[in-house]
Structures are given as C-alpha cells and as structure tokens.
Amino acid sequence: MWKKIWLLGVLMTATALSGCSSCGNNGPGGGNDGGIPGGGNATLGALTIEPANPVLVVSGSTGVVQNFKVIGTFTDGHTEDMSGQASFTIDDTRLGSFGGGTSFTSSADVGGTSIVRARVGTMSASTPITVKLDQKVSDTPPPSSGLPPVPADPGSKFGGTVDTSYKPEIVYPNNGVLVPPNLGQLEIHIKPNNASTTLFELAFSNSITDVRVYLRCYLPEGLALPTGVSRGCIYTPAANVWTFLAESNRGKQPVKLIVRSTTDSGDDKVGVSNPIAIQFAPDELKGALYYWTTKETATGVMRYDFAGTGAQEASPILLKDDIDPGVNCVGCHALSRNGKKLVAEVNDQDDGRLALVDLATFKEDSKATLGPGKQSTFESWNPDGSKFVGVFGNRGATDYGLRIFNGDTGAYEESIPGTGNSTSPATHPDWSPDGQTIAYTSPSHHESNQRGFKGAIKMVTRTPSGWSSPVEVVPAQAGKHRYYPAIAPDNSFLVFNESTCEIAGDAHSTCNGDTDRTAMLWAAKLQAGAMRVELTKANQGGVMDGSETKLTNSYPKWSPFVMRGLGDDKSRLMWVTFSSSRFYGLRSPPPPSRDASENDKSTLVWMAAVDPDKVNAGEDPSFPAFALPFQDITTSNHIAQWAQYFVSDGCSTVGEGCGGTAGATCCNGLQCVQLNQDPPIPCEEDGACVCNAIPQCAKVQEKCSTAAPCCDGLLCLDDTTGGDCEGNNCSCKPPCASEGQACGAAACCAGLACVAGTGGDTCQLILK
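Residues numbered from 1 in each chain as written. Predicted model: local features only at pLDDT ≥ 70, side-chain atom pairs only at ≥ 80, totals over all residues. Heavy atoms only, no water.

A. Summary view of the overall build of the chain. For the chain, the count of helices and strands is four helices and 51 strands. Expected size for 768 residues packed as a compact globule is a radius of gyration near 27 Å; at 30 Å, the chain falls within 12% of this value. Principal-axis analysis of the C-alpha atoms gives the chain an extent of 100 × 75 × 50 Å. A buried classification covers 55% of the 768 residues belonging to the chain. Relative to all contacts within the chain whose residues are 6 or more apart in sequence, the contacts with residues 24 or more apart total 60%. A total of about 30500 Å² of accessible surface is found on the chain, and carbon and sulfur atoms cover 50% of it. The distance from the centre of the 57 positive side-chain charges to the centre of the 79 negative ones in the chain is 5 Å. (Helix = DSSP H or I, 4+ residues; strand = E, 2+ residues; numbered from the N terminus. Rg over C-alpha atoms; globule rule 2.2 N^0.38 Å. Buried < 20%, exposed > 50% of the residue type's maximum accessible area, 1.4 Å probe, protein only. Contact = heavy atoms within 4.5 Å. Areas by Shrake-Rupley, 256 points an atom, 1.4 Å probe, with all protein chains shown as cover. Lys, Arg positive; Asp, Glu negative; His and termini not counted. Charge placed at Lys NZ, Arg CZ, Asp CG, Glu CD.)

This is the structure we're talking about:
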C-alpha cells in the first residue's frame, strides 16, 4: 500500500506544521521540516518541482537536456526558488543523470518512464519523467546481396497512398511473442508480396518508442526459400536497435511492429502490413543449454551460454570421439542442476551404456569413460547432483522400473518398486527441482524406452522410508499417447507431450514417444487426476505453416529459473524449450535425419514463455514460441536440457569458495562475494568468499542485500533500523520515506512532512 502512496504523492503540497512541537524553533536548522527560514517566522512547508511530467524526445546519438526548478512554499504563503539548495536524482539511472546541478541529460539509447526527485533538507518533491526514443536507422545490405545502399532520407519515400497490392506480410515471429531481453538475435521475416517494392520500413512503436529501420530486401547467403515463395527478406536487428527496443521496454508495454513497403521513386503507393506485438521479459535469461544435434560431422551434445556476452553460437561439448573407442553415437543426455555433471547414453537404444562427465575439468582433448553398473536410456538428476534416476526397458532388460545411480561414479544403487514391468516399463523420468518427486511415463505397451504407446504420466514422491507407490497424474487414453513429463521449476505442475493416433490401434509409429508429428504440449498440476491444460499458443505454428497442426512439438524441458512476470510484483514467468518441425519463418525445417515414413521433417529447438499461475486457473499459460537463433538450422536438434550455470575450466558454483590464494574463479552467471560483511575480509584471503548468483535487481518491498541490488533508484535499507543494509533483514525502499516511516536521515516523499513523535520522527500527511 505504501508503494502507491509515494508514487501518487507527486507534486502534492503540505501545510506548515503549526502547533506541532517539532516546529517551535523557527531559526536556521530549527524544526524537522528542514528548518529553512523564509523571512520572519516563516519556515518551509512544501516543495514542488518544475516542469511537471516532462516528455523528452531523443533523436540521434545525443541525449536531451532538461533543466528543473524547485519552488518552496513557506508557512506564510510566499514562494521562493530553492533550486540552488536542492539535490536531484532519478530513480532509473539508465534513462539519464544529473551532473550535480539542476540539469538532467537523458540517455540516447534507453527510453522509458521514471521519477525525478528533488530534496531540500528533510523534504522532497518528485515528478514523473518520460524519455521517448525517436530513432531512425538505415540498414546496410551485405555485399553478397548486390543491392545498393538505402537512399538518403528514406522516410520521405513513404508518404504515398496505401495500396493493398503493395502490402507486405510479417511471417516471423508470431504476434504476441515474449522474448528475454538478452536474446539479441530475434529475426524479422517478411514476404514482400510485390516484386516492384524495393524499400522497406520496419516501424517499432509504443508510447516511449518510435524506432524506424529502413532496409533492402535480402536473405542470408545460401538460404533457399520454401516452395511457393518467390521472394523474402530477413532482418536481424543491429546491436543499437536491439538496445533501443529491449532495454527500453523490458517488463513493460508491448512494442507494435508494422512493415511498410514502397519503391525507391516513392511512386505514391505504400504497402502496410498487419501489425504484430513483441514483448520483452523483465529479466535476462541465464543458464546453460545443452541439446542434441544430428550434424553429420559432429553428432552429439552442443551447449550455449545464456549468461555469456557478445555474439555467440552453440559449441560441441560431447561427441562420439570424446568417449572410449567403439562408441559411434552420443544420444540422450541429462545435466545436474548446477551444471557440473553430464550423463549421456551411447550408441543405440539397446546398448544403454552411460558416459559420466565432470564438466568442470572436461577439456577438448579429454576422454569420457563409460560408467559401471546397469544400463539406462533416459536420465534425470536430483537437486544436488549426488544421484540420478535412469530407466532401461529395451532388449535384454531385466529391471523395468526407475533406477537410482550414484552421481559421482555412475554405479547402480537401487530400483524404486512398482514403477515398471516388462509390459509397462518406466521411461522418461524427471526428478523435481526440490527432490521430492519423480515423474515418468508408464506406457501400456512398448517397443523400447524410446518408442512407447498409450502412455500415462505417473509420479512417486519421497517418504521418510523411501519412495511412495506410483500415483497417476494423467491417465492413459485409447487413441492417445502421453509422455515426456517435465516438472516446472516451482515444483507445482508439469508439462508433457500428447500424441494422437492417426491410424486405428494404440501401437503405431504415428502415436509413439519418439518424434511423432502429432505431438502437442500440455500442462497438469502435480497431483493425482490433474486437469490437463493445453499450451495452445506455444503449440501454434507460424504463417508459413498455414493450417498444419502436426508440428512435432516434443521433448519439453524447463529453464531452471522462476523469473519475474509482466504483471505486478508477485507475477511470475518461466521458460520452456521444446523441439518442433514447424517453419522457422522463411526457413524450412531440416530434412528428416532417418526414417521419413514416421516424420518427413526434422526438428529445431524452440522456446516459449509460460505464466505458471494460469495453470492453476485452467487457462493457457503459454506465449507464442520463437526459434533459438544460435543453433545450426540445417540439422535436427532436440532434447534441450538446462543447467543453472555454464561450468568449465574448474570454475566454482554456488556456495563454493572463490578468490583466495589459488584465485578460484566463479562460473559464468555467478559472482564472488564476501561471507562476512562486517568487518569486511578481502576475497584474497582463503575462505572469505563464495560464489553466489548475480542477482536480478529487486523491486520495491522485495528483499535485498549489499550483494543483491535494488531496481530503479530504490535503496536497500535495514527493515529494523531504517538505515543502510547491515544484516540479512533488508528490503528495497524508495529514496524517500513514506507515511509512518522514519525521517531525518531520509527525506519524506512528496506531500509528507517530517513530524516529531514519542517513537521518533516519522513522515505524516498534514491536512488543513
């Protein structure tokens, strides 16, 4: 509630504190209202800041300068310019800064809204400020395109009459897509639909954004257009354009994109596309993604670091040549949550031997060894990486249930009773992030762990004596197959696949657990007999897919983090990856990597945002999906497993020591912080520091620390003392005190006055 008070208190005024014991001393320094005299017995009663609600429009590479003024109203009614005595700040320093005086200089790269504050003594005034970007960028076509540069003053060419015969079409991304602000490479795919149009304008707009990009129509070198498409354009935003869009709008309103087309001559005809909306999540996506690829020269596991900086591509981490001789394929794999360990099945599904890799020490010239013990086809790790669960129901199997393996040696330890038999072997296990649940597929009949039919989703839960008997979350149904469960990072629900049998009978290649083209994504709460909720938006293909719904939306896997959502401070967001054979805009899906009778297309890795709270309401929790841009799009890619951190070169993960005499480094996405803040001990001293996650900034009232910053100019203050954070009980608060909060060291927010009381000085609203 108090958050609303300080935001809505903008430009309110307060009367003098007449009759108040704190106002009896009217000389310089007297009274808790600032003690600032205005002549006679008058003291400062209120502040206002001018101009109110300024809107700064930024064009080009230079910020806009805005001068502010602070007017003081005194108890006798007269006013004075108090700008020279005021100190100025802005909450969101990304939008610009004050140079020590009254002059504010905006950013030329980041737009948005924030609060400007002025303080005189213990009083303050504030006003909203808007920085709007009005930027125009001309794209440079690559030399290989043979196209001329964009003409000078390209915007002047688009003043003609709208002509539907010139209308272009945006075919990627889908309308309403939500992407992390550090994705950086979201391509825009356009079908011009008119051979005579030569000049295009991409207009990105909302109340704080007006960014226009002018470009020629060209494609990446070597790209062949899909059948039936004669011309297409693909634009990847330059780094500055991405900053304009993503940094200004992360966690805020959608950006509308409209494409216009015309000729270089500006012949009074302009085509205007239907608009789409693009949204940017509040927080950057972290973690490492490991996926399997069928690239002919490098079949195996690739990985990508979301916490890395600069342009990146996925790189191989475990190929067949990285394992003992005699291995011709590296297949299904799983990552420990902290990213330090990888386990992978080798050769075909009837082999089942496992390679266990310590990623902290694994090098390019290393060789992974095959673990001892029983076989496994699919695996999943417990939270601390000490164990993993596996399954093996293929040729030669004798134990068909869930099997627990040692996470350090790969040795078999035990089986969970009742989870599988020769008719219905357990497959596709997924161990929950809290370690309390293992979900798995229980097929009614099967060929192998990789190919099962008419499956149900079951789970077992941890008990004081071991594991519970299996509980059915989603039942088996004739003509359906339900499989590949993946438990969400908050442990409250799971997503899974559902295939529909196109041919009579439940055991057919069009209704299995491999790469079935009818696979769709569904969600269900983690409880017996849960209601199913379809991820409709994530399942939906793009413009180029037309009415096709058989898009192989398979192998769902979660990013391990629960992020902030687009709503209030309590809203949440998660990210799920999956494989799909849909068109990547103007890029056709890869050709089949094996038997085309089952699926005549291969898959790429796609990603979609999910609002977890909508699952409880029985609503579609998903956003439209986007293709991960760093993958090789010529090969089949799937099983995108996640880890919290990109581990290599012996780096330390969360809670492990760093710094010291050995100079141990933290893995990407982590920072080395002191264990003891008071007194501070340098990290160069062994045992003084550990690796912790680099925090996303905290919003108002959220917990913070000296190592976990607050957002938008908020201060990390001790909840008990109200002063600077010194312990573990601190929250983010505005740089002024709200009603009922202590003042003196902090100014009162606009419209409040600092009043003495028996419990100390607090900010109060004084009414006439």
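B. The pairing of strand β26 (residues 354–358), seen in detail. Across the five residues that make up β26, a large majority, four, are buried. Taken together, the five bridges between strand β25 (residues 341–346) and β26 define a ladder with antiparallel strand orientation. Paired with Leu342 across the strands is Val357, a residue of β26. (Pairing = 2+ DSSP bridges.)

C. Representation of the side chain of Ser579. For Ser579, the location among the structural elements is in strand β42 (residues 572–580). Leaving out residues up to four positions away in the same chain, Ser579 has contacts with Thr552, Asn553, Ser554, Tyr555, Thr603, Leu604, Asn637, His638 and Ile639.

D. View of the packing of aromatic side chains. Applying the stated criterion across every chain yields a total of 21 aromatic pairs. Pairing Phe388 with Phe405 gives two aromatic rings, centres 5.0 Å apart and planes at 5°, and the pair type is stacked. With Phe388 in strand β28 (residues 387–391) and Phe405 in strand β29 (residues 402–406), the pair connects residues that are 17 residues apart, well separated along the chain. Grouping residues by exposure puts Phe388 and Phe405 together as buried. Following the ring pairs from residue to residue traces out a cluster consisting of Phe68, Phe88, Phe98 and Phe104. (Phe/Tyr/Trp six-rings, centres within 6.5 Å; stacked < 30°, edge-to-face > 60°.)

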